[in-house]
Amino acid sequence: MSNFKNKNSFNKVVLDIKNLEIQGATNIAIAAVKSLKFILSDFSKIESKSNSKSNSKPNKLISELKNAKKKLFKSRPTEPMLRNALNYVLSDVDKYAMDETDKLILRLNHRIDQALEIISKGKLEISKIGSKKIKKNMVVFTHCHSKSVVDILLLAKSKGKKFEVHNTETRPRYQGRKTAKELASHGIKVTHYVDSAARLALKKADLFLIGADAITVEGKVINKIGSELFAEVAKRYQIPIYVCTHSWKFDPQTIFGFEEPIELRSESEVWPDKPKNVKIQNFAFEQVDPDLISGVITELGIYKPESLVEELKSRNKFMF
Ligand code: RUB
């Protein structure tokens, strides 16, 4: 076991994802993909220690990676981007079972770097496209903490655009505070509202930007609880609603009838010392009806939810 020096670092990432220390679909996918490097680095050290010219076969490494993938999948089962990113790296790993371990390590390190590059280029593209939607003196409403949304706003600010943001605190975990802090620290004017004041926040808004955790084959978007409620209010005030997301949030399993699960978190997050006979339902996410969505801003361009799925089938073949 002492050979596996990075195992704790890997397990920490799994735990941090589980406990929301690492949150937001894109951050989760990046952390998950990077965590595979800990395992590769352990095996690389073992290979160089054994110093053999026997060209060892990578069976043990492959089974360790499959195990790691399972653990990461389970750490946040409601995150298709995490699954897609890990599948991008590992989907054909069995093909290399007859190869040498060090060659597979090289190949996988390269594949991880490619996945990270796709994600980071995608983020940049989403920011570029999204920032064009922000016009002078606009009030932009957002909910929870989406790095995709934050990056759009930061890019717009860096281009010299003058606008302000209204955001909601996002009980029970207050991810909205993270958004408010990040934006304010870059000089963006932010007004922070409790969730139940979202109508007031939206009334004065010109644009509603949210992130996404998952996109289903029916074009439904799954995002933080409250998203559909606020989208319905926004619709009433005729405020355009854009979902900002990398295309890797699409869940190909939904094609085969799999229902995207909605994360049900612990009661204690909402009310730690609640009376025994009070039941709490703490859903973390909800589906947003495609009819409420003006467009989905992705790295591939802006799409209506239904047409995005068609585009993905031809562009992201590895998912299908
Ligand atoms: C975060 C959340 C974000 C999406 C998209 O929820 O709902 O809007 O994950 O984020 P949680 P990003 O805090 O429970 O993970 O745009 O960063 O991928």
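Residues numbered from 1 in each chain as written. Predicted model: local features only at pLDDT ≥ 70, side-chain atom pairs only at ≥ 80, totals over all residues. Heavy atoms only, no water.

### A look at the packing of aromatic side chains
Here is step 1 of the chain: Tallied over the entire structure, the rule returns four aromatic pairs.
Here is step 2 of the chain: Here the aromatic rings of Tyr88 and Trp248 are separated by 5.3 Å at their centres, their planes lie at 35°, and the arrangement is tilted. Placement of the pair is Tyr88 in helix 4 (residues 80–90) and Trp248 in the loop between strand 7 (241–244) and strand 8 (285–288), with a sequence separation of 160 residues.
Here is step 3 of the chain: According to the relative accessible area criterion, Trp248 is buried, its value standing at 2%. (Phe/Tyr/Trp six-rings, centres within 6.5 Å; stacked < 30°, edge-to-face > 60°. Helix = DSSP H or I, 4+ residues; strand = E, 2+ residues; numbered from the N terminus. Buried < 20%, exposed > 50% of the residue type's maximum accessible area, 1.4 Å probe, protein only.)

### Quick word on the site of the ligand
Here is step 1 of the chain: Around the ligand, the surrounding shell holds 18 residues, and the nearest of these are Gln23, Thr26, Ser146, Ser148 and Asp213.
Here is step 2 of the chain: Contact distances for the ligand include 2.9 Å between an oxygen atom and a backbone N or O atom of Ala25.
Here is step 3 of the chain: One of the side-chain N or O atoms of Lys249 is found 3.0 Å from an oxygen atom in the ligand.
Here is step 4 of the chain: Elements represented by at least two residues in the shell around the ligand include exactly helix 2 (25–50), helix 6 (147–158) and strand 6 (221–224).
Here is step 5 of the chain: In terms of residue class, the shell around the ligand is made up of four nonpolar, nine polar and five charged.
Here is step 6 of the chain: When residues of the shell around the ligand are assigned to domains, at least three map to each of domain 1 (7–124) and domain 2 (132–319). (Near = heavy atom within 4 Å. Polar contact = N/O pair within 3.5 Å; in protein donor to acceptor, adjacent residues only side chain to side chain. Nonpolar A, V, L, I, M, F, W, Y, C, P; charged D, E, K, R; others polar. Domains from an automatic or database assignment.)

### So, the domain arrangement of the chain
Accessible area lost upon the coming together of the parts is a frequently used measure of interface size.
Here is step 1 of the chain: Each domain of the chain was delimited in the assignment, giving domain 1 (7–124) and domain 2 (132–319).
Here is step 2 of the chain: Put simply, the middle of domain 1 and the middle of domain 2, counted by C-alpha atoms, are 28 Å apart.
Here is step 3 of the chain: Listed per partner, the contact involves 22 residues of domain 1 and 26 residues of domain 2.
Here is step 4 of the chain: A buried area of about 2,000 Å², summed over both sides, lies between domain 1 and domain 2, and 54% of it is on carbon and sulfur atoms.
Here is step 5 of the chain: Looking only at domain 1, the three residues that lose the most surface to domain 2 are Gln23, Thr78 and Asn84, adding up to 28% of its buried area. (Contact = heavy atoms within 4.5 Å. Buried area = accessible area lost by both parts, 1.4 Å probe.)

### Observations concerning helix 6
Here is step 1 of the chain: Here helix 6 contains 12 residues, and its C-alpha end-to-end distance of 16 Å stays within 8% of the 16 Å for a straight helix at 1.5 Å per residue.
Here is step 2 of the chain: Buried residues of helix 6: Ser148, Val149, Val150, Asp151, Ile152, Leu153, Leu154 and Ala156, and no others.
Here is step 3 of the chain: A positive backbone phi angle near 90° is found at Gly160, which sits one or two residues after helix 6. (Expected span 1.5 Å × (residues − 1).)

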